[in-house]
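Descriptive analysis of the structure
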Amino acid sequence: RVHKLVLNCCVGESGDRLTRASRVLEQLTGQQPILSKSRLTIRTFGIRRNEKISCHVTVRGDKAEEILERGLKVKEDELRSRNFSDTGNF
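Heads up: these notes are all about the structure in this document. Note that the structure is predicted; figures quoted are calculated from it, not measured. (Residues numbered from 1 in each chain as written. Predicted model: local features only at pLDDT ≥ 70, side-chain atom pairs only at ≥ 80, totals over all residues. Heavy atoms only, no water.)

**Regarding the overall build of the chain**
Broken down by element type, the chain carries two helices and three strands. Going residue by residue from the N terminus, the α and β elements of the chain occur as β-α-β-β-α. Once the C-alpha set of the chain is aligned to its principal axes, its extents read approximately 40 × 30 × 20 Å. A separation of at least 24 residues holds for 51% of the contacts in the chain among residues at least 6 apart in sequence. Looking at the chain as shown, the accessible area adds up to about 7400 Å², and 47% of this sits on carbon and sulfur atoms. (Helix = DSSP H or I, 4+ residues; strand = E, 2+ residues; numbered from the N terminus. Contact = heavy atoms within 4.5 Å. Areas by Shrake-Rupley, 256 points an atom, 1.4 Å probe, with all protein chains shown as cover.)

**Thoughts on a negative patch on the surface**
Residues Asp62, Glu66, Glu69, Glu76, Asp77 and Glu78 make up a contiguous surface patch of negative charge. Tracing the backbone shows Asp62 in helix 2 (residues 62–74). Overall, the relative accessible area of 66% leaves Asp62 in the exposed class. (Patch = residues over 30% accessible without salt bridge, like charges linked within 9 Å, V, L, I, M, F, W, Y side chains within 5 Å. Salt bridge = Lys/Arg side-chain N within 4 Å of Asp/Glu carboxyl O. Lys, Arg positive; Asp, Glu negative; His and termini not counted. Charge placed at Lys NZ, Arg CZ, Asp CG, Glu CD. Buried < 20%, exposed > 50% of the residue type's maximum accessible area, 1.4 Å probe, protein only.)

**Notes on the environment of Ile34**
Secondary-structure assignment places Ile34 in strand 2 (residues 34–37). Residues Ile34 and Ser54, spaced 20 residues apart in sequence, show a C-alpha to C-alpha distance of 8.4 Å. In contact with Ile34, other than residues within four places in its own chain, are Ser54, Cys55 and His56.

**Remarks on unusual backbone geometry**
Positioned with a positive phi, Asn50 is a non-glycine residue whose angle comes to about 65 degrees. Secondary-structure assignment places Asn50 in the loop between strand 2 and strand 3 (52–60).

**Some words on the sheet that holds strand 1 (residues 4–10)**
The strand order 1-3-2 describes an open sheet built from three strands, whose pairing is antiparallel. At either end of the open sheet lies a strand with only one pairing partner, and these are strand 1 and strand 2. The sheet shows a mean angle of 30 degrees between the axes of neighbouring strands, direction not considered. Here seven bridges tie strand 1 to strand 3, and the two strands are oriented antiparallel to one another. Bridge pairing links Asn8 to His56 in strand 3. Sitting on the sheet, helix 1 (residues 16–29) touches strand 1, strand 2 and strand 3, and the angle it makes with strand 3 is about 5 degrees. Sheet strands in contact with helix 2 are strand 1 and strand 3, and its direction is about 115 degrees off that of strand 3. (Pairing = 2+ DSSP bridges. Axes fitted to C-alpha atoms, helices over the stretch in contact; angles between N-to-C directions.)

**A word on the state of the cysteines**
Tallying each qualifying case throughout the model produces zero disulfides. Here Cys9 stays unpaired: no disulfide links it, and the sulfur of Cys55, its closest cysteine neighbor, is 5.1 Å away. Judged by its relative accessible area of 25%, Cys9 falls in the partly exposed class. (Disulfide = S-S within 2.5 Å.)

Laid out in structure tokens, this is it:
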């Protein structure tokens, strides 16, 4: 049984790539994605503190199972064991 499904898309920069990623998540789930900010400034990556760099959506219930089934159908219902963590997340 699936309690919740969290879809995360981290692009590492704000701007056009982030808006495209949020649009893709919105088309997949039908929900408005939440934009996440960076915690630290990392000069080598060109990221400033509090800059929006990723977006995520939490889906619960029957909709979560439907999205998961569509995703597994693409991979022909086969996943590697390294895709799962020790706690059962993948």
